[in-house]
Amino acid sequence: MLKVAITAVLITMGLALFRAALGPTLFDRILALNMFGTKTVLLIAVIGFLRGRPDFLDLALLYTLINFIGVIAVLRFLKFGHFADPEEPEE
Amino acid sequence: MDLAIDLASAAFLLAGSCFAVIGGIGLLRLPDFFSRLHGAGITDTAGAGLILFGLMLQAGLSLATLKLISILGFLYLTSPTSTHALAQSALTHGLKPWLGKREDEPSLR
């Protein structure tokens, strides 16, 4: 059953990559990449269980924290609308 | 008892896999950005939660379960926050929700 879960997560990652490549707007791409990050965490956790090495969970935890930093970047995006220098007034 | 736990774990993993793939298809196929948020939300909450809970059942009472719980907690904190921030950002930057009809949609009248 772990292999089924790995296959499903890999399929979902592929679909997210398709959306990130197609996505008409920038927000679609960010959404797809955010989902890709979550799926990476799941993939690492399930692979750790499949290989019988629960220490892989530490890597999954690390990726969750990297995702959290991604959230901070998205929040910055929310405020300024771009990742450039916020000194320049936008509106 | 072991068999029951294994079966429950397999059921949770299978349900989580289904939710993940359904959410992925939704992310690819839904017509505009705000509806795609819905597909991404399914994979982030239902898919991740069910898969991680299935793994917790396999791990039993151990440090691995604690790590899985903290992973789940972080995911549940961060992914709705980022989804909300993205929707807010898209709205403030002038992306309108799509309210039209599909061309092949059957008319209700």
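As shown above, the structure is provided for reference.
Residues numbered from 1 in each chain as written. Chains lettered and ligands numbered in written order. Predicted model: local features only at pLDDT ≥ 70, side-chain atom pairs only at ≥ 80, totals over all residues.

## Notes on the overall build of chain B
Here is step 1: Scanning chain B from terminus to terminus reveals three helices and zero strands.
Here is step 2: Start at the N end of chain B and walk to the C end: the helices and strands fall as α-α-α.
Here is step 3: Computed over its C-alpha atoms, the radius of gyration of chain B comes to 18 Å, more than 25% above the 13 Å expected for a compact globule of 109 residues.
Here is step 4: Counting only C-alpha atoms, chain B reaches 55 × 35 × 20 Å along its principal axes.
Here is step 5: Residues classed as buried in chain B amount to 38% of the 109 residues present.
Here is step 6: A separation of at least 24 residues holds for 59% of the contacts in chain B among residues at least 6 apart in sequence. (Helix = DSSP H or I, 4+ residues; strand = E, 2+ residues; numbered from the N terminus. Rg over C-alpha atoms; globule rule 2.2 N^0.38 Å. Buried ≥ 20, exposed ≤ 12 C-beta atoms within 10 Å, placed from the backbone. Contact = placed C-beta atoms within 7 Å.)

## Remarks on the nonpolar core
Here is step 1: Core analysis: the largest hydrophobic core is formed by 44 residues, its most contacted members being Ala 45 of chain A together with Ile 51, Leu 52 and Leu 68 of chain B.
Here is step 2: When residues of this core are traced back to their parent elements, those giving at least two are α1 (2-22), α2 (26-50) and α3 (56-80) of chain A together with α1 (2-29), α2 (33-59) and α3 (63-92) of chain B.
Here is step 3: For this core, the leading source of residues is α2 of chain A, giving 11 residues.
Here is step 4: Beyond its immediate stretch of four places on either side in the chain, Ala 45 of chain A contacts Phe 56, Leu 57 and Ala 60 of chain A together with Leu 52, Leu 55, Leu 68 and Ile 71 of chain B. (Core = buried A, V, L, I, M, F, W, Y, C linked by C-beta atoms within 7 Å.)

## Some details on the interface of chain B and chain A
Here is step 1: Each partner contributes to the interface: chain B provides 42 residues, whereas chain A provides 39 residues.
Here is step 2: For the side of chain B that touches chain A, the elements supplying multiple residues, two or more each, are α1, α2 and α3 of chain B.
Here is step 3: Broken down by element, the side of chain B that touches chain A gets its largest block of residues, 16 residues, from α3 of chain B.
Here is step 4: Of the residues that constitute the side of chain B that touches chain A, the class distribution is 25 nonpolar, 14 polar and three charged. (Nonpolar A, V, L, I, M, F, W, Y, C, P; charged D, E, K, R; others polar.)

## Side note on the packing of α2 of chain A against α3 of chain B
Here is step 1: Following both chains from N to C, one finds α2 of chain A and α3 of chain B inclined at 175 degrees, their axes separated by 10 Å at the closest point. Taken as axis vectors, α2 of chain A and α3 of chain B run roughly antiparallel relative to one another. Across the interface between the two elements, Phe 27, Ile 30, Leu 31, Asn 34, Thr 38, Val 41 and Ala 45 of chain A of α2 of chain A pack against Leu 68, Ile 71, Leu 75, Ser 79, Ser 82, Leu 86, Ser 89 and Ala 90 of chain B of α3 of chain B.
Here is step 2: A per-class count over the contact of α2 of chain A with α3 of chain B returns 10 nonpolar, five polar and no charged. (Axes fitted to C-alpha atoms, helices over the stretch in contact; angles between N-to-C directions. Parallel < 35°, antiparallel > 145°, perpendicular 65-115°, else oblique.)

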